[in-house]
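Commentary on secondary and tertiary structure
This is what each chain is made of:
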Amino acid sequence: MRGLVRNNFYSMSSNIYLSFIIAAVLALVSVIFREALLTSMILAVQIFIFVVHTGASLRIDETSKWSKFELTLPIRRHTIVSAKYASFALLILMGILSSLLTLAACYVTGLSLDPSIVIFSYGFGLTLAITSAALMYPIMLKIGTEKNELIVFFSGFAAIGIMLLLAALLAPFTGGMQFRHPLVSIVSACTSMLLFIISYLVSVRIHRTKEFR
Amino acid sequence: MKYSLEVSNLTKAYPGSDFRLDNVSFAVPQGSIMGFVGENGSGKTTTISCILNTLKPDSGVIKIFGEEMTEERTDIRDHIGVVFDAINFPEALTANKLASVFKDIYRHWDGGLFQHLLQRLQVPADTRIKDLSRGMTMKLATAVALSHGAKLLLLDEATSGLDPVVREEMLDLFLEFVEDEEHSILISSHITSDLEKIADYITFIHNGRIILTEDKDTLLYQYGIARCTADQFQSLDKSEYLSSRKRGFQVDVLISDKESFSRQHRDITVDNTTIDEIMLLLVKGDQ
Amino acid sequence: MGSDFYLEIIISNNSSKPIYEQISSQIKALVMSGKLQPGDPIPSMRSLAKMIHVSVITVQRAYEDLQRDGFIETTVGRGSFISAHHRNVIHEEHRRKMHEHLRLAVEAARMSGTTLDELTRLLVMCYGEDCQ
């Protein structure tokens, strides 16, 4: 599996550099403008920015027939899926890392953020990133990668939709529907992690019988 | 006789399409090179995909090294080298990066041999695959296939798009590969002249059906094409030939034994034949 | 071992003679002319195939012919060698050639209306090296 994960990263390396640059620019923006709401959005986006390219990456895997060639390697099919999810997790970690660095930079330059805003940023960012990855991959496995941009968008909006849904469900506990309430943020993040695990199991199942021309 | 690959009654239909593999059967003896000949869409790629389990057959038995290769048998796949008619690898990688990936995947990856082959085939090791020409990527894929201790090579149009100089080098590599009696190759190709040089056996496929499997030398030196006038053709018995085709004023007739046919029909001209001509007559002729 | 070999074999792709026949007849010729001596090793089937760029099955057929006609011997593990027992076979081979050539001569004679006497006279002349 190590080889496959390494392969995934080599494959996405230029996209990762791009995301890194965008994250750095965003960090700079955050430090320059020192505005709490803007910063909280930036933190959330930074978590998401690394994993957003995977749709395009999966598309290229299909057109080059690498996803077919992979099957001829001396590995189990589920190992291929595991490597993909491990790669998603690592990309999200990169996102978390860059946002943590940005947060640190903010504190160092004197911007103080309300803890509830920080929790919201991370909750929202994690939900967006993890849910997108969790929805994107099995959908592409099932219907192919031709509409990969559409699927990424859909997954992103679905992530927001889930948060809104949870906000509504948790309204009794948060005194009315409060999208930015820390409870909503934390529950959303946990829900998305659960979704990630379920998505992995579903993907293994779909991939096991998938045919590759 | 030991077989590296045995395909028995392979059948596969695509829902929503007329095309299907229909009882495909053939076997590649150990130590040999089998050419797989058929026009585009005849089922070569589908057959190879079924052999490798990227497609699931509707029925049939496929044995590699004497055993059925199920998904769990990663040990068998370790000894199969594959080149598909595609880029095969992630475009952003270079040959060297690919090597570092495969080192952790194939149990018998030979990095030194891989570098040697890259040099021999003149494939730049640090150029991204997306910047390589088609010929280069096929050479790279062949180098990979030969660098992990494979005993069976499955090559789908691995030499198409290559100039004759490079093709010659590749054919040499294939002959070197079968110097080990346990190594075998199944190679599909349009370039039948390549197959005429190095193949031991030829299997013809058309419309998802195997129409003939035969020794290459038998096909080239025992088979023949009788050039008949309409009258001469009438005088032939159906059992004497395999296929016939009207061309202008003459009828071309495919026969499987030049010598005996000539003895019985001293007045009919019989030509030597090529794999292309045999294919044409089998596919376009009347049986 | 393969690369140390030099065998005077020429393969013609355009000849109507099958390649396996070209190989076996040229090796026979080398033996009959003495360029290959009994006991001399020859390349394994597979290395010869690689050296002259032909398929293994073609060389295999040539070697089978050579073995059947007594020109070579193949032992598992030791490879192939020119046989010491071929002397009779060479003689047979020569006789076969004579027979074939004479048959052709007779055919030509019949077609041109030459008598047996005239043909015999021609034969005597040629044997005495008085041939054109």
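Residues numbered from 1 in each chain as written. Chains lettered and ligands numbered in written order. Predicted model: local features only at pLDDT ≥ 70, side-chain atom pairs only at ≥ 80, totals over all residues. Heavy atoms only, no water.

What to know about the nonpolar core
- Membership of the largest hydrophobic core comes to 160 residues, with the highest contact counts inside it found for B:Leu5, B:Phe26, B:Phe89, B:Phe102, B:Leu140, B:Phe174 and B:Phe204.
- Apart from residues no more than four positions distant in its own chain, B:Phe102 is found in contact with A:Trp66, A:Phe69, A:Leu73, B:Phe89, B:Trp109 and B:Val144.
- Judged by nonpolar contacts, the second largest core, of eleven residues, contains B:Ala226, B:Cys228, B:Phe233 and B:Val251. (Core = buried A, V, L, I, M, F, W, Y, C linked by side-chain atoms within 4.5 Å. Buried < 20%, exposed > 50% of the residue type's maximum accessible area, 1.4 Å probe, protein only. Contact = heavy atoms within 4.5 Å.)

Side note on the pairing of strand E4 (residues 59–64) of chain B
All names here are of chain B.
- Inspection of the sheet shows strand E1 (residues 3–13) paired to E4 by five bridges, in the antiparallel sense. Bridge assignment links threonine 11 to a residue of E4, and that residue is serine 59.
- The sheet contact formed by E4 and strand E5 (residues 67–68) spans two bridges and is antiparallel. Its bridge partner lying in E5, isoleucine 64 is registered against glutamate 67.
- The hairpin turn running from E4 into E5, its antiparallel successor, is two residues long, and phenylalanine 65 in that turn takes a positive phi close to 55°. (Pairing = 2+ DSSP bridges. Helix = DSSP H or I, 4+ residues; strand = E, 2+ residues; numbered from the N terminus.)

Here's the deal with the interface of chain A and chain B
- In this complex, chain A contributes 25 residues to the contact, which on the side of chain B involves 32 residues.
- In total, about 2,800 Å² of surface goes out of reach between chain A and chain B, with carbon and sulfur atoms giving 60% of it.
- Of all residues in chain A, A:Tyr10, A:Phe69 and A:Pro74 give up the largest surface area on contact with chain B, accounting jointly for 23% of the area buried on that side.
- Summed over the shared surface of chain A and chain B, the result is four salt bridges.
- Put simply, B:Asp104 and A:Arg6 hold a salt bridge, and the shortest N to O gap is 3.0 Å.
- Taken together, the connections running from chain A to chain B amount to 15 residue pairs in polar contact (both at pLDDT 80 or more).
- Elements with a contribution of two residues or more to the side of chain A that touches chain B: helix H1 (2–33), helix H4 (66–69) and helix H5 (77–108) of chain A. (Buried area = accessible area lost by both parts, 1.4 Å probe. Salt bridge = Lys/Arg side-chain N within 4 Å of Asp/Glu carboxyl O. Polar contact = N/O pair within 3.5 Å; in protein donor to acceptor, adjacent residues only side chain to side chain.)

Observations regarding the interface of chain B and chain C
- On the side of chain C, 15 residues touch chain B, which itself brings 20 residues to the contact.
- Across the chain B/chain C interface, buried area totals approximately 1,500 Å², and carbon plus sulfur atoms make up 52% of it.
- Counting every contact that joins chain B to chain C gives one salt bridge.
- Notably, a salt bridge pairs C:Lys50 with B:Glu176, separated by 3.0 Å at the nearest N-O pair.
- Counting across the chain B and chain C interface gives eleven residue pairs in polar contact (both at pLDDT 80 or more).
- For the side of chain B that touches chain C, the elements supplying multiple residues, two or more each, are helix H6 (164–177), helix H7 (192–198) and helix H8 (216–221) of chain B.
- Looking at side-chain class alone, the side of chain B that touches chain C contains six nonpolar, three polar and eleven charged residues. (Nonpolar A, V, L, I, M, F, W, Y, C, P; charged D, E, K, R; others polar.)

Quick word on empty space enclosed by the protein
Residue and element names in this part refer to chain A.
- Taken as a whole and assessed by the stated rule, the structure comprises three cavities of 30 Å³ or more.
- A volume near 170 Å³ is recorded for the largest cavity.
- Along the wall of the largest cavity there are 14 residues; nearest its centre are Leu58, Ser67, Tyr137, Leu141 and Phe212.
- Looking at the lining of the largest cavity, the elements with two or more residues in it are helix H3 (54–63), H5 and helix H6 (115–143).
- Among the residues forming the lining of the largest cavity, the class breakdown is six nonpolar, three polar and five charged.
- Approximately 100 Å³ is the volume attributed to the second largest cavity.
- Lining the second largest cavity are 14 residues, and of these Asn8, Met12, Ser57, Asp61 and Lys84 lie nearest its centre.
- A class-by-class count of the residues in the lining of the second largest cavity yields six nonpolar, six polar and two charged. (1 Å grid on protein atoms, 1.4 Å probe; cavity = no way out; pocket = protein on both sides within 12 Å on 5 of 7 lines; lining within 4 Å. Points joined across faces, edges and corners; volume = space filled by probe spheres on them.)

Some points on the packing of aromatic side chains
- Across all of its chains, the model carries 20 aromatic pairs over all chains by this definition.
- Considering the side-chain rings of A:Trp66 and A:Phe69, the 6.0 Å spacing of their centres and the 20° angle between planes classify their relative orientation as stacked. Placement of both A:Trp66 and A:Phe69 in helix H4 is noted, with a separation of three residues, approximately one turn of the helix. Both residues of the pair, A:Trp66 and A:Phe69, belong to the buried class.
- Ring centres of A:Tyr85 and A:Tyr200 lie 5.4 Å apart, and the angle between their planes is 80°; this geometry places the pair in the edge-to-face category. Of this pair, A:Tyr85 sits in helix H5 while A:Tyr200 sits in helix H9 (residues 182–209), placing them 115 residues apart in sequence.
- The buried category is assigned to A:Tyr85, whose relative accessible area is 4%.
- Ring pairs connect the aromatic residues A:Trp66, A:Phe69, B:Phe89, B:Phe102, B:Tyr106, B:Trp109 and B:Phe114, which therefore count as one cluster.
- Over the ring of A:Phe212 we find A:Lys210, and its NZ or CZ is 5.3 Å from the ring centre.
- The residue whose ring lies beneath C:Arg61 is C:Tyr20, and the NZ or CZ to ring-centre distance is 4.1 Å. (Phe/Tyr/Trp six-rings, centres within 6.5 Å; stacked < 30°, edge-to-face > 60°. Lys NZ or Arg CZ within 6 Å of the ring centre and 35° of its normal.)

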